[in-house]
Amino acid sequence: MSKKYLRKNEFRYDTNPKIVRPDGKGHNVYVSVKHGHKAKVNVITHSKTFFGEKTIELNDNPNKSKFDNRKSRISIPFWENDNYLKNYSKGTWYMSKQNKSIIRKTNKKRKH
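Our subject in this report is the structure included herewith. (Residues numbered from 1 in each chain as written. Predicted model: local features only at pLDDT ≥ 70, side-chain atom pairs only at ≥ 80, totals over all residues. Heavy atoms only, no water.)

1. A look at helix α1 (residues 97-109)
Argument step 1. In this model α1 runs 19 Å from its N-terminal to its C-terminal C-alpha over 13 residues, within 8% of the 18 Å that 1.5 Å per residue would give.
Argument step 2. Those residues of α1 that sit buried are N99, I102, I103, T106 and N107. Around the axis of α1, the buried residues are gathered within 125° of arc, so they sit on the same side. In α1, the exposed residues that point more than 90 degrees away from the buried face are K97, R104, K105, K108 and K109.
Argument step 3. If you follow the buried residues of α1, they end up packed against β2 (27-35), β3 (38-45), β6 (56-57) and β7 (73-74). (Helix = DSSP H or I, 4+ residues; strand = E, 2+ residues; numbered from the N terminus. Expected span 1.5 Å × (residues − 1). Buried < 20%, exposed > 50% of the residue type's maximum accessible area, 1.4 Å probe, protein only. Arc of directions from axis to C-beta. Contact = heavy atoms within 4.5 Å.)

Below is the structure:
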C-alpha cells in the first residue's frame, strides 16, 4: 500500500521551541508536503547554517513586504508536527518559480 501525501506550497509560522531564534520568536517556514499530522518544512532564514547543516541560498527574498539586502536561505527539509505550525505569518510572502525549483531539488536530494 502506498503512502498518500498532500502537496502543499504555503508559508506557516513554526513555534517549535527547538528552533526558536535568539530573540525567542519562531521562524517562518515553507511547507512542501503534508502527511497525516506532520508536514515537511524548510525554514526560511538568513543564517549560513541551521542545526549544523549548511543552508541553500534563494534567488530573492520571499517576504515581499520587507526590503532586506541580506540573502534569504532555506534549511534542509525536516518533518514538523502540525501542533507547532500556525497560520499566522507576518508580511506578504510569495515564492517565485526559481525558488520553488531550488526547494524541490533540495528536498529531492535530502529525502528522509
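Let's pick the thread back up.
2. Focus: the environment of D14
Argument step 1. Here D14 lies in strand β1 (residues 6-14).
Argument step 2. Spatially, the C-alpha atoms of D14 and Y30 are 9.7 Å apart, while their sequence positions differ by 16 residues.
Argument step 3. Beyond its immediate chain neighbours, meaning those up to four positions away, D14 contacts I19, G26, H27, V29, F78, E80, Y84 and L85.
Argument step 4. Polar side-chain contacts of D14 include one of 3.1 Å to the backbone nitrogen of N16. (Polar contact = N/O pair within 3.5 Å; in protein donor to acceptor, adjacent residues only side chain to side chain.)

3. Here we look at unusual backbone geometry
Argument step 1. Of note, F51 is a non-glycine position whose phi angle comes to about 55°, a positive value.
Argument step 2. The topology assignment puts F51 in the loop between β4 (49-50) and β5 (53-54).

4. Points about the pairing of β3
Argument step 1. The element β3 is largely enclosed, with a buried count of seven among its eight residues.
Argument step 2. With six bridges connecting them, β2 and β3 associate as antiparallel partners. Paired with H35 across the two strands is K38, which belongs to β3.
Argument step 3. Here β2 folds back onto β3, and the loop between the two strands holds two residues, one of which, G36, carries a positive phi near 65°.
Argument step 4. Here β3 pairs with strand β8 (residues 78-81) via four bridges, running antiparallel. Bridge assignment links A39 to a residue of β8, and that residue is E80.
Argument step 5. In this sheet, β7 lies alongside β3 in antiparallel orientation, the contact comprising two bridges. By the bridge assignment, T45 is partnered in β7 with R73. (Pairing = 2+ DSSP bridges.)

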